[in-house]
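Analysis of the macromolecular model
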Amino acid sequence: MSSAPIPAHVAIIMDGNGRWAKQRGLPRIEGHRRGVETVRTVIKAGRELGIRYITLYAFSVENWKRPQDEVGALMGLLEYFLKRELANLVKDKVRLLTIGRIHEMPDNVRILLQNAVEATAAFSDLTLVLALNYGSRTEIVDAARAYAKAVAAGEVKLNDTSWESFSRHLYTAHIPDPDLVIRTSGEMRISNFLLMQAAYAEFVFTPVFWPDFTKTDLADAVATFAKRERRFGQTSDQLKSAPTR
Ligand code: FPP
């Protein structure tokens, strides 16, 4: 058995659905539809590889600016995914969580999400985190507001300047930071995704479009991660003797 480190938390920017469809002369939504199949593949592969958390950037705060029919189709696919996959999530003991301004999502999607989160709350083997109506900048604004409220209520001291104290107000308060961030489709940007949480993450960029992303691609990214030396701001020698993280 290999002793290579498995990233506990893999966060993925699922990109390239539109280009995948365009290459085939298909409408963009067909790329998103195939992208949902990849989501299923990746959940299964993640479980098999022993990954504990998978976060998927499914809809950003900026994605509302896309053509209305594409936004509608993406919401429809989310609805379809939640209806079809809930039984499988329960069967496979996958816990579902969300991050983002979920209260601004359409009512039908919001209710399905809430049901799925409640129905899977007891599971802990694999946690699937869907980033929806998510953006790191809005997350910081929301966290700062919550923090100010906590200070005003006397729950937090104003002279408490620790990251630990502030980060409890992020959407990801109960989710460990990602160890590995993968972006598909050859783009090399972070696009307002987990900016704070990915502070010490390793990044893997692959040219593969999301609909074509396979279990092997995920395993390859995990293998690349295993070869990286993570130092968290320390020297290699320090880490060898007494890692402080
Ligand atoms: C990026 O491709 C993809 C998205 C903005 C949406 C991702 C959504 C899904 C895979 C489906 C719904 C998700 C779940 C969890 C059920 P793009 O359209 O930006 O591709 P392009 O850059 O090639 O145009």
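Just above, that's the structure.
These remarks concern the structure in this document. (Residues numbered from 1 in each chain as written. Predicted model: local features only at pLDDT ≥ 70, side-chain atom pairs only at ≥ 80, totals over all residues. Heavy atoms only, no water.)

1. What about a nonpolar patch on the surface?
A surface patch of nonpolar side chains, amounting to about 260 Å² of accessible area, comprises W163, L195 and M196. Counting through the fold element by element, W163 comes out in helix α6 (residues 163-167). (Patch = residues over 30% accessible without salt bridge, like charges linked within 9 Å, V, L, I, M, F, W, Y side chains within 5 Å. Areas by Shrake-Rupley, 256 points an atom, 1.4 Å probe, with all protein chains shown as cover. Salt bridge = Lys/Arg side-chain N within 4 Å of Asp/Glu carboxyl O. Helix = DSSP H or I, 4+ residues; strand = E, 2+ residues; numbered from the N terminus.)

2. Topic: the nonpolar core
Membership of the largest hydrophobic core comes to 42 residues, with the highest contact counts inside it found for L128 and L130. Looking at this core element by element, the count peaks at eight residues for helix α3 (residues 68-91). Among residues more than four places away in sequence, those in contact with L130 are L56, L78, F81, L96, L97, T98, I99 and L113. Counting 15 residues, the second-largest nonpolar core is a separate cluster that includes A11, Y53, Y134 and V181. (Core = buried A, V, L, I, M, F, W, Y, C linked by side-chain atoms within 4.5 Å. Buried < 20%, exposed > 50% of the residue type's maximum accessible area, 1.4 Å probe, protein only. Contact = heavy atoms within 4.5 Å.)

3. Some words on unusual backbone geometry
Leaving glycine out, the prevailing phi sign among residues is negative, and the prevailing peptide bond configuration is trans. Not every positive phi belongs to a glycine, and N133 is a case in point at roughly 50 degrees. With respect to the helices, strands and loops of the structure, N133 is situated in strand β4 (residues 126-134). Overall, the relative accessible area of 1% leaves N133 in the buried class. With phi around 50 degrees, S191 is a residue other than glycine that occupies positive phi space.

4. So, the packing of helix α2 (residues 28-49) against helix α7 (residues 215-227)
Following both chains from N to C, one finds α2 and α7 inclined at 45 degrees, their axes separated by 9 Å at the closest point. In terms of axis orientation, α2 runs oblique to α7. Two packed elements cross with a definite hand, and for α2 against α7 that hand is right-handed. Along the contact surface, α2 presents T41, V42, A45, G46, E48 and L49, while α7 presents K215, L218, A219 and V222. Of the residues assigned to the contact of α2 with α7, the class counts are six nonpolar, two polar and two charged. (Axes fitted to C-alpha atoms, helices over the stretch in contact; angles between N-to-C directions. Parallel < 35°, antiparallel > 145°, perpendicular 65-115°, else oblique. Left-handed = near helix turned anticlockwise from the far one by under 90°. Nonpolar A, V, L, I, M, F, W, Y, C, P; charged D, E, K, R; others polar.)

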